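# Analysis of the macromolecular model
So you can see what is in the structure, the chains are spelled out below.
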Amino acid sequence: MSLKIAGPADLHLHSDCSDGTEPPAEVVRRAHEAGLSTIALTDHDTVAGWDEAARASRAAGLVLLPGAEVSAKHRGMSVHVLAYLFDPDHTALSRTMARVRDDRVGRAERITRNLARDLPVTWDDVLAQCADDATIGRPHIADALIARGIVASREEAFAGPLHPASPYYVSHAAPTPVEVVEEVGRAGGVSIIAHPAGRGALPDGEIRSLIDAGLGGFELGHRENTPAGTARLQRYVDEHDLIVTGSSDYHGAGKPNRLGENTTDPAMVERIIRAATGSDPVV
Ligand code: AMP
Ligand code: ZN
Ligand code: FE
Ligand code: FE
């Protein structure tokens, strides 16, 4: 499909279908209010918010790219793959995301049990912070700790008891980034590595493997990217004519990230739409 995009685009937003704090329709409403004309809903490992976001986007006159932020792991390092306009009924990709969602439940329960050795927090506290069928994550545990008055913010929880170096931490199973990029491609979608130049850089060999696997590009506009890391990846972009995006990674009240704080060039949005065959943007 081909579509003319005008105006600011923010292609990385979370709702309470994962660890954002607002329902999809509210995220869309706020995006419209913030002056955005094109958005993507990219909840972690789920398409649960697509229908609600589509209805709200049509009503507000926004262009919506349905998407997801798929959890992956390279040698123990967490890598997030933004996937756009894939077929939501593609069997392999749906199963991959369902496996990660399921594993996240047991993992969150284990972290909570570990915390409960020293802190007054229960699994029911955590479940109370997580919308039905939402992809659960450490932010929901953080919210339970806040509700109990143990920490003041998600940030404080992530710097302390939920930090990967904390004795309470447990990781979850995840496919490799190459597996995700291949599956997203087979599902007709476009993959962009999220916040690729923050803490923990992918080695050159892995970047080349991702490009060989059909990677679309990199989210170079993101508050967690460093200038040096961004410059390094820009060289791959130039050499391989990759797509570059910029986005907020909005999580509602769960993170300080503001809607539209980074945006994507309309020409890049149009490239994503032209390259994708799995589903159409909502207009
Ligand atoms: P998990 O998926 O359970 O490993 O948790 C990672 C999620 O927590 C990511 O989606 C981040 O958006 C969120 N997150 C990471 N660090 C922070 C922080 N300091 N404050 C708020 N949210 C965070
Ligand atoms: Zn998140
Ligand atoms: Fe992420
Ligand atoms: Fe995100």
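In the block above lies the structure referred to throughout.
The structure contained in this document is the topic of the report that follows. (Residues numbered from 1 in each chain as written. Chains lettered and ligands numbered in written order. Predicted model: local features only at pLDDT ≥ 70, side-chain atom pairs only at ≥ 80, totals over all residues. Heavy atoms only, no water.)

## Examining the environment of Ala187
The condition is simple: Elements are defined by DSSP. Helices are runs of H or I of four residues or more, strands are runs of E of two residues or more, and each kind is numbered from the N terminus. Contacts: residue pairs with any heavy atoms within 4.5 Å of one another.
Locating Ala187 in the fold gives a position in the loop between helix 7 (177-186) and strand 5 (190-193). Distance from Ala187 to Ala92, taken between C-alpha atoms, is 8.3 Å for residues 95 residues apart in sequence. Not counting chain neighbours up to four residues away, the residues in contact with Ala187 comprise Phe86, Asp87, His90, Leu93 and Gly278.

## Quick notes on the site of ligand 1
Heads up, the condition is: If a single non-hydrogen atom of a residue is within 4 Å of a molecule or strand, that residue counts as near it. Under the rule applied, a polar contact is a pair of N or O atoms within 3.5 Å (in protein, one hydrogen donor and one hydrogen acceptor; residues adjacent in sequence only if both atoms are side-chain atoms). In these tables, accessible area is a Shrake-Rupley quantity obtained with a 1.4 Å probe, and a residue counts as shielded only by the protein chains included in the view. Amino acids outside the nonpolar list (Ala, Val, Leu, Ile, Met, Phe, Trp, Tyr, Cys, Pro) and the charged list (Asp, Glu, Lys, Arg) are all regarded as polar, and Gly is one of them.
Around ligand 1 there are 13 residues in total, and His44, Arg104, Arg107, Arg138 and Lys255 lie nearest to it. The separation between an oxygen atom of ligand 1 and a polar side-chain atom of Asp19 is 3.0 Å. Computed on the free molecule, ligand 1 has an accessible area of 500 Å², of which 82% lies beneath the protein chains in the complex. Breaking the shell around ligand 1 down by element, the ones donating at least two residues are helix 3 (91-116), helix 5 (138-147) and helix 6 (154-159). Counting residues per element, the shell around ligand 1 draws most heavily on helix 6, at three residues. Its residues placed into classes, the shell around ligand 1 shows two nonpolar, four polar and seven charged.

## Things to note about the coordination of the zinc ion (ligand 2)
Rules: Metal donors were taken as nitrogen, oxygen and sulfur atoms no farther than 2.8 Å from the ion, or 3.2 Å where the ion is Na, K or Ca. Water is excluded, so coordination may look unfinished. Throughout this description, buried means an accessible area under 20% of the type-specific maximum (1.4 Å probe, protein chains only), exposed means over 50%, and partly exposed covers the range between.
Distances from the zinc ion (ligand 2) to its protein donors, namely Asp19 (OD), Asp19 (OD), His44 (NE2) and His251 (NE2), fall within the range 2.1 to 2.6 Å. Donor residues for the zinc ion (ligand 2) sit on one chain with the sequence pattern D-x24-H-x206-H. Separating the zinc ion (ligand 2) from the iron ion (ligand 3) is a distance of 5.5 Å. Of this pair, His44 sits in the loop between strand 2 (38-41) and helix 2 (50-60) while His251 sits in the loop between strand 7 (243-246) and helix 10 (266-275), and the two are 207 residues apart along the sequence. Comparing His44 with His251 shows no difference in burial state: the two are buried.

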